[in-house]
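Structural description and commentary
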Amino acid sequence: MLFPEARRALEMYAAETPVFAEGYDIDAAREQARAMAAQEPREDVAEVADVDADGVPARLYIPDGAGETTIVHAHGGGFVFNDVEVHDASARRLANRSGMRVLSVDYRRPPEHRFPAAIDDVGAAAGWAARTLGGPLLAHGDSAGGNLALVDALRHPGRYAAVALIYPFLDPTAGFDSYRTHADGFDPREGAWYWEQYATPADHTDPDLAPLLSDRLGTLPPTLVVTAEHDPLHGEGEELARRMAEAGVEVVATRYLGQLHGFWRHPRVFPSAEPLMRQVAGFLRMYC
């Protein structure tokens with residue numbers, strides 16, 4: 001059952017123009033997202049700086065008392081939307097709750113820059129962090145960012161001490177039952193549209209795009225996988241957790257009941273967002 005705040009959010013989403021509508025304006029949607037994010041309260045962080053991470057723009061957050069560990073954050077948005085500005089409030093909260101440095105990566109997005117530009121950028125920024133900042137690295141991503149964080153960990157075994165994934169976007173075939181049984185307010189054409197912007201059908205069997213196909217899941221470090229009950233992506237996220245556990249990875253999987261995709265980033269709307277942020281921060285602190 002959807003919780004009341006999720007029902008209200010669903011009613012608001014239903015009034016929006018779907019991304020697959022003819023003539024959908026990506027640039028206008030991006031600007032609207034930035035304008036909405038600018039209205040959100042933003043916590044103070046001791047030091048915030050825009051950096052060049054080997055040619056990849058990124059934003060580094062350093063809270064008071066931070067040690068040498070850095071969380072590499074890949075933002076969500078279906079690969080197409082959002083950026084470090086839209087995720088600024090969330091990155092600040094993550095830095096303050098974890099007490100660790102956060103590097104938010106402003107990776108290239110489709111349709112202007114298609115696969116594998118985004119994952120190459122996340123990998124380059126993480127490499128810069130390892131070389132320039134020193135200390136252990138942790139990976140974090142939500143939705144499409146969860147895909148990118150996971151793929152970078154698979155591409156570079158041993159790079160991260162732990163990984164935290166929030167409702168990761170993993171399956172370009174939309175093949176799990178959750179797309180039909182728990183897809184409140186979700187049109188299957190929406191998910192397909194995001195994959196179409198990011199990659200060609202020929203890429204759908206590439207583990208760097210579809211990490212559930214990877215034969216390297218057993219190389220992953222301890223991982224937290226979070227899903228939402230009324231998110232069509234929860235099937236693929238929970239299958240990832242099962243496969244990792246079978247491969248011998250230390251994995252924790254949590255499903256948030258009554259919640260929709262996207263709730264993590266909106267604590268003023270979803271009461272579960274703050275507990276989830278603290279869960280992620282606590283999990284990652286175990287491995288720093």
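Preceding this section is the structure that the text describes.
Residues numbered from 1 in each chain as written. Predicted model: local features only at pLDDT ≥ 70, side-chain atom pairs only at ≥ 80, totals over all residues. Heavy atoms only, no water.

1. As for the side chain of His75
Within the secondary structure layout, His75 lies in the loop between β3 (70–74) and α3 (88–98). Apart from the residues within four sequence positions on either side, His75 is in contact with Phe81, Asn82, Asp83, His87, Val105, Asp106, Tyr107, Asp142, Ala144 and Gly145. (Helix = DSSP H or I, 4+ residues; strand = E, 2+ residues; numbered from the N terminus. Contact = heavy atoms within 4.5 Å.)

2. Digging into the packing of α3 against helix α9 (residues 273–285)
Relative to each other, α3 and α9 sit at 50°, their axes nearing to 9 Å. As the angle between them shows, α3 and α9 are arranged oblique. Once α3 is placed against α9, the crossing between them reads as right-handed. Of the residues in α9, those in contact with Ser90, Arg93, Leu94, Arg97 and Ser98 of α3 are Ala273, Glu274, Met277, Arg278, Val280, Ala281 and Arg285. (Axes fitted to C-alpha atoms, helices over the stretch in contact; angles between N-to-C directions. Parallel < 35°, antiparallel > 145°, perpendicular 65-115°, else oblique. Left-handed = near helix turned anticlockwise from the far one by under 90°.)

3. Overview of unusual backbone geometry
For the bond from Pro110 to Pro111, the omega torsion is 5°, close enough to zero to count as cis. Counting through the fold element by element, Pro111 comes out in the loop between β4 (101–105) and α4 (117–133). The omega torsion of the bond from Phe115 to Pro116 falls at 10°, within 30 degrees of zero and hence cis. As for its position among the elements, Pro116 is in the loop between β4 and α4. Notably, Asp54 is not glycine yet its phi reads approximately 55°, a positive angle. Take Asp54: it is sitting in the loop between β1 (47–53) and β2 (56–62). A positive phi angle is found at Ser143, which is not glycine, with a value near 55°.

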